[in-house]
Amino acid sequence: MITLLYGRPPLVFDPPGNANQTSPLIPGSAALESLATGSVESAMIYAPSGVLERRYVVAQALRVLKVGGRLDVLAPKDRGGSRLKKELEGFGLNFTEAAKAHHRRCIAVRPETVEGIEAAIAAGGPQKVEGLDAWSQPGVFAWDRIDPGSALLAAHVPELKGAGIDLGCGYGALATVVLRSAGVTALRLVDLDRRAVEAARRNIEDARATFEWADTRTLDDGGDLDFVVSNPPFHDGGAEDRRLGQAFIRKAAGLLKKGGVLWLVANRHLPYEAELNTAFKRVRPVADQGGYKLFEAVK
């Protein structure tokens, strides 16, 4: 029996321990969209909060389920759970619904005919975004726009030289700017989101670029890079977690050689100054505008 799991549901819902993980935010997971149609007996989906992303994931799960297969979808009430009933009805499903631990949970049996999954997959899948001239996908950070923080960094970063890394690269907007510098010899693009890495790979056709689906916090400290650029995340599972950005700062210091430089942008309210001053020899505030602050830090 093949069972799928998407995401990390709270343990109170007894997620299957032997299931095949398919979340794009868990490195090493299988890609849900790559699984064969009608090949799976059961799927538990910890649904994402974004409407397009959530409908895409549920539609892909319905696609891969066999007729008669079990679909178990749950989400926090305030992050998509309140919409589950209407959305599953839109797919033509009959289901049972329950509330538990501030979540909504819907369980259905996959019928022979399901409505609208092709449209949901098209709307939530990889696409070239009009106005960006770049590939992206709902669920990727700032998937259909230029994030203001990245734009601020791009506007101030000088022509860099040598080998560097973009931590939390997204679909590659910042890396595109960095690679305009002829002095850059190599650039690693790293992101926790497989979809972002795949989009960046499509957007950047440059032999100096390499792409890694990985958690920045688990990278080996090489201590040999000339520069790091980063617009680090500060949310984990929907909740603000300032420790993420602080971990990115420590990792940047571990990756850089002596004299190497970190260019980091962050929301103004985030308390990163102490971490920067601890990890780096010299820290210079470069810009503070539009709710964002930008730093240059030298190891």
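Please read these numbers as outputs of a predicted model, since none were measured by experiment.

Caption draft 1: Region of interest: the overall build of the protein chain. Each helix and strand in the protein chain was counted, giving 8 helices and 17 strands. Computed over the C-alpha atoms, the radius of gyration of the protein chain is 21 Å, within 12% of the 19 Å expected from 2.2 N^0.38 for a compact globule of 299 residues. By principal-axis analysis of the C-alpha atoms, the protein chain measures approximately 60 × 40 × 35 Å. Expressed as a percentage of its 299 residues, the buried residues of the protein chain come to 51%. The long-range share in the protein chain, meaning contacts at least 24 apart out of those at least 6 apart in sequence, stands at 64%. In the protein chain, 38 positive and 36 negative side-chain charges are present, and the distance between their average locations comes to 3 Å.

Caption draft 2: Structural view of the pattern of salt bridges. Counted by the stated rule, this structure contains 21 salt bridges. Between arginine 105 and aspartate 72 there is a salt bridge whose closest N-O contact spans 2.6 Å. Of this pair, arginine 105 sits in strand β6 (residues 103–109) while aspartate 72 sits in strand β4 (residues 65–76), and the two are 33 residues apart along the sequence. You can call aspartate 72 buried: its relative accessible area is 0%. The salt bridge partner of aspartate 147 is arginine 145, with a shortest N-O separation of 3.9 Å. Since its relative accessible area comes to 7%, aspartate 147 is described here as buried. On the basis of relative accessibility, which here comes to 40%, the residue arginine 145 falls in the partly exposed class.

Caption draft 3: Molecular detail of the nonpolar core. Membership of the largest hydrophobic core comes to 28 residues, with the highest contact counts inside it found for Ile45, Val58, Leu62, Leu71, Val73, Phe91 and Leu93. Mapped by element, the contributors of at least two residues to this core are β1 (3–6), β3 (40–46), α1 (51–64), β4, α2 (84–90), β6 and α3 (117–124). Ranked by residue count, the leading element in this core is α1, at 7 residues. With near-sequence residues (within four places) excluded, leucine 93 lies in contact with Leu62, Leu71, Leu88, Ala108 and Pro111. Counting residues in each nonpolar core, the second largest holds 27 residues, with Val197, Phe211, Val229 and Leu294 among its members.

What counts as what
- Residues numbered from 1 in each chain as written.
- Predicted model: local features only at pLDDT ≥ 70, side-chain atom pairs only at ≥ 80, totals over all residues.
- Heavy atoms only, no water.
- Helix = DSSP H or I, 4+ residues; strand = E, 2+ residues; numbered from the N terminus.
- Rg over C-alpha atoms; globule rule 2.2 N^0.38 Å.
- Buried < 20%, exposed > 50% of the residue type's maximum accessible area, 1.4 Å probe, protein only.
- Contact = heavy atoms within 4.5 Å.
- Lys, Arg positive; Asp, Glu negative; His and termini not counted.
- Charge placed at Lys NZ, Arg CZ, Asp CG, Glu CD.
- Salt bridge = Lys/Arg side-chain N within 4 Å of Asp/Glu carboxyl O.
- Core = buried A, V, L, I, M, F, W, Y, C linked by side-chain atoms within 4.5 Å.

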